[in-house]
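# Observations on the three-dimensional arrangement
So the chains spell out like this:
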Amino acid sequence: MAELRYTKSHEWARVENGVATMGISNYAQEQLGDVVYVELPAPGKKVTQLGQVAVVESVKAASEVYAPLAGEVVEVNGALADDPALINRAPVGDGWFLKLKVANAGELGALMDEAAYASYVAGLK
Amino acid sequence: MSESSSSSVPLRRTPLHEAHVALGAKMVGFAGYDMPVQYPEGILAEHKQVRSSAGLFDVSHMGQVSLWGDEAMRALERLVPADLLELPAWAVRYTQFTREDGGIIDDLMVTNAGHRVSLVVNASRKEADVEHLVARLGHSIDVALLEGRALMALQGPYAATVLARHAPRASHMAFMTAMPARIGKVDAIISRSGYTGEDGFEISVPSEAALDLWRRLLAEPEVKPIGLGARDSLRLEAGLCLYGHDIDDVTSPVEAGLAWSIGRRRRNDGGFLGEQRILTELRNGPSRRRVGILPEGKAPAREGTEIHDAEGKRVGIVTSGGFGPSVGGPVALGYVEARAAKVGTPLGLIVRGEARPAKVVALPFVPHRYFRG
């Protein structure tokens, strides 16, 4: 399985065969607390790297979610509509947000690998 | 994901601060205090704990104010629209400090504590409230903001059962009454009140006794600690106003749907700050009203969300909004023009640029379960 890459704004992406699956990190879901609603884009929407692509809402507040890579939305996680708490239970698994057809694989270089992200998060605590 | 920034202003601590940290609470700045927004179980679990069993809140940041003087109640009536002269000994009443223009300085609980009048006011307003009291009434009564006292709220259907183990008479108290009681070796003032919509108590004790009482109550199997996050979702579902959001120096008690708290004698005789606007609004109806709003979809409408009517014309604004854990979906409070305030009126909530269908509903969202005796 391809490696996870992270943004500084706490999204993750995993690219396989030119398609990136993305979501938010475990640190992000911990910070949010209980997720109660997610607003996902319609498939076909084109986004830029670090452009807003979704909204995640906890009991307390709404937060914007940014695309780790530029591309076109090809699929969204329908299970989140009925069970947004999947994001708390499995942020890097069943709690994925959407899949993007990657426009420029070179952009991956701007993201952090697992180790770099772990030390980045450690620095925030 | 977007992040919020934290401020570096030094925050005050309640006598229970170390207990919150030891319990693993997430601490945030609120009204100048470092307060627990949630404990490790999280806001949803804490909210449901209070609705189904009992929860313990640290509300020591709130202002506890005492008034002394023979005419203290009569004097206080000049600043609030409630009937206080008829308040029996050890009865509690909800009211508002009103401005000359009919806006609201703060909302508060007043207790006739026999030899004194005791007030509980919002943390963010306590200094302003005391200034107001001293400026208006200082010549005739003594006013003191009590430092050195803690305040806890024990709320939920099992609150009475739990508190009766420590203060046996507590379970016989009626809602909105108070009494002095001895808990262990400590002199406490217990009032049967709260701000969750559930039965419950607020317990005032000297600061040095707070930690011991907190631990005794938390040791009860029915009780868990509850943070400010669930306190907000509970009061929102109960349809209760939060100062600085649903009421402020511009809104009047009548617009806010608080006319029930204005005494009959006060309606006839006036004699309180803001009476001109407030009595006029009582007679003619206000031009806008606070209403309950139920979004039809699942998207929460937060504070500041524009409200439109069915034709797309702006009719108001959301003042509190979020997810109601017991409702199982979004709920909101907001002000709308009087013509759009009737229960059932279809509304559009402008969330992220899109009108989302909603309607005006009767408050509260979750029925109150106060103990009437």
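Let me begin by describing the structure that accompanies this report. Because the structure is predicted, anything quoted here is derived from the model rather than measured. (Residues numbered from 1 in each chain as written. Chains lettered and ligands numbered in written order. Predicted model: local features only at pLDDT ≥ 70, side-chain atom pairs only at ≥ 80, totals over all residues. Heavy atoms only, no water.)

### What about the overall build of chain B?
The helix and strand tally for chain B stands at nine helices and 19 strands. Its C-alpha atoms give chain B a radius of gyration of 21 Å, within 12% of the compact-globule value 21 Å for 373 residues. Principal-axis analysis of the C-alpha atoms places the extent of chain B at approximately 65 × 50 × 45 Å. Burial status across chain B gives 58% buried among its 373 residues. Excluding contacts between residues fewer than 6 apart, the proportion of contacts in chain B whose partners are at least 24 apart in sequence is 65%. Summed over its atoms, the accessible surface of chain B is roughly 15,500 Å², and 52% of this surface lies on carbon and sulfur atoms. Counting 44 positive and 44 negative side-chain charges, chain B places the averaged centre of each group 4 Å from the other. (Helix = DSSP H or I, 4+ residues; strand = E, 2+ residues; numbered from the N terminus. Rg over C-alpha atoms; globule rule 2.2 N^0.38 Å. Buried < 20%, exposed > 50% of the residue type's maximum accessible area, 1.4 Å probe, protein only. Contact = heavy atoms within 4.5 Å. Areas by Shrake-Rupley, 256 points an atom, 1.4 Å probe, with all protein chains shown as cover. Lys, Arg positive; Asp, Glu negative; His and termini not counted. Charge placed at Lys NZ, Arg CZ, Asp CG, Glu CD.)

### Remarks on the sheet that holds strand E18 (residues 346-351) of chain B
Residues and elements named next belong to chain B. Spatially, six strands are ordered E14-E17-E16-E15-E18-E19 in a closed barrel, and the strand pairing comes out antiparallel. On average, each strand axis in the sheet is tilted by 40° relative to the strand beside it, whichever way the strands run. With eight bridges connecting them, strand E16 (residues 314-324) and strand E17 (residues 329-337) associate as antiparallel partners. Counterpart to Gly 316 in the pairing with E17 is Val 336. Against the sheet, helix H7 (residues 228-237) touches E16 and E17, its axis set at about 125° to E16. (Pairing = 2+ DSSP bridges. Axes fitted to C-alpha atoms, helices over the stretch in contact; angles between N-to-C directions.)

### Observations regarding the packing of helix H2 (residues 43-52) of chain B against H7(B)
All names here are of chain B. One can describe the packing of H2 onto H7 by two numbers: an axis separation of 8 Å at closest approach and a directional angle of 55°. Taken as axis vectors, H2 and H7 run oblique relative to one another. Between H2 and H7 the crossing geometry is right-handed. Of H7, the residues touching H2 (which contributes Ile 43, Glu 46, His 47, Val 50 and Arg 51) are Gly 229, Ala 230, Ser 233, Leu 234 and Glu 237. Broken down by class, the residue content of the contact of H2 with H7 amounts to four nonpolar, three polar and three charged. (Parallel < 35°, antiparallel > 145°, perpendicular 65-115°, else oblique. Left-handed = near helix turned anticlockwise from the far one by under 90°. Nonpolar A, V, L, I, M, F, W, Y, C, P; charged D, E, K, R; others polar.)

### Things to note about the sheet that holds strand E4 (residues 35-39) of chain A
All names here are of chain A. In spatial order, the strands read E4-E6-E7; together these three strands make up an open sheet with antiparallel pairing. At either end of the open sheet lies a strand with only one pairing partner, and these are E4 and strand E7 (62-66). Each adjacent strand pair in this sheet contributes to an overall mean axis angle of 25°, direction not counted. Of the strand pairs in this sheet, E4 and strand E6 (residues 52-58) are connected by four bridges, and their pairing is antiparallel. In the sheet register, Glu 39 faces E6, and the bridge partner there is Val 55.

### Considerations on the packing of aromatic side chains
Overall, the coordinates contain four aromatic pairs over all chains when judged by the stated rule. On the numbers, 6.2 Å between centres and 40° between planes, the contact of Tyr117(A) with Tyr120(A) is tilted. Of the two residues, Tyr117(A) and Tyr120(A) both sit in helix H4 (residues 114-122), three residues apart, roughly one turn of that helix. Ring centres of Tyr94(B) and Trp260(B) lie 5.6 Å apart, and the angle between their planes is 20°; on these two criteria the pair is classed as stacked. On the criterion of sequence distance, the pair formed by Tyr94(B) in strand E5 (residues 92-98) and Trp260(B) in the loop between H7 and helix H8 (264-269) is long-range, its members being 166 residues apart. Ring pairing ties together the aromatic residues Tyr6(A), Tyr117(A) and Tyr120(A), which thus form one cluster. One cation-aromatic arrangement involves Arg231(B) over Phe57(B); the distance from NZ or CZ to the ring centre is 6.0 Å. Directly above the ring of Tyr335(B) sits Arg288(B), whose terminal nitrogen or CZ lies 4.7 Å from the centroid. (Phe/Tyr/Trp six-rings, centres within 6.5 Å; stacked < 30°, edge-to-face > 60°. Lys NZ or Arg CZ within 6 Å of the ring centre and 35° of its normal.)

### As for the pairing of strand E12 (residues 200-206) of chain B
All names here are of chain B. Among the seven residues that make up E12, six are buried, leaving the element largely enclosed by the rest of the structure. Both strand E9 (residues 149-155) and E12 contribute to a ladder of seven bridges, which runs antiparallel. Considered in E12, the bridge of Ala 150 is made with Val 205.

### Let's talk about unusual backbone geometry
All names here are of chain B. Residue Pro 364 follows Leu 363 across a cis peptide bond; omega there is 0°. Residue placement: Pro 364 occurs in the segment after strand E19 (354-361). Even without glycine at this site, Met 176 takes up a positive phi of about 65°. Tracing the chain through its elements places Met 176 in the loop between helix H5 (159-164) and strand E10 (178-183).

### Quick word on the interface of chain A and chain B
Taken together, the contacts link 27 residues of chain A with 20 residues of chain B. Across the contact surface, chain A and chain B share five salt bridges. In this structure, Glu57(A) engages Arg352(B) in a salt bridge whose closest nitrogen and oxygen atoms are separated by 3.2 Å. Viewed at the interface, chain B and chain A are joined by 14 residue pairs in polar contact (both at pLDDT 80 or more). Broken down by secondary-structure element, the contributors of at least two residues to the side of chain A that touches chain B are helix H1 (26-32), E4, E6, E7 and helix H2 (79-82) of chain A. No other element matches E7(A), which puts five residues into the side of chain A that touches chain B. (Salt bridge = Lys/Arg side-chain N within 4 Å of Asp/Glu carboxyl O. Polar contact = N/O pair within 3.5 Å; in protein donor to acceptor, adjacent residues only side chain to side chain.)

### Quick notes on the side chain of His132(B)
Residue and element names in this part refer to chain B. Tracing the sequence through the fold places His 132 in helix H4 (residues 126-137). By relative accessible area, His 132 is classed as buried at 11%. In contact with His 132, not counting residues within four places along its chain, are Leu 79, Phe 97, Thr 98, Ile 105 and Leu 273.

### Some thoughts on the nonpolar core
The biggest cluster of nonpolar side chains holds 34 residues, and the ones touching the most others in it are Phe57(B), Tyr94(B) and Ile247(B). Only E4 of chain A together with H2, E5, strand E6 (104-113), E9 and H7 of chain B provide two or more residues apiece to this core. Here this core takes three residues from H2(B), the largest share from any one element. Counting residues domain by domain, this core receives three or more from each of domain 1 (17-60 + 148-237) and domain 2 (287-373) of chain B. Excluding residues that lie within four positions of it along the chain, Phe57(B) makes contacts with Val50(B), Leu151(B), Met152(B), Ala153(B), Gln155(B), Thr196(B), Trp214(B), Ile226(B), Gly227(B), Arg231(B) and Leu234(B). With 33 residues, the next largest nonpolar core counts Met152(B), Ala159(B), Ala188(B) and Leu217(B) among its residues. (Core = buried A, V, L, I, M, F, W, Y, C linked by side-chain atoms within 4.5 Å. Domains from an automatic or database assignment.)

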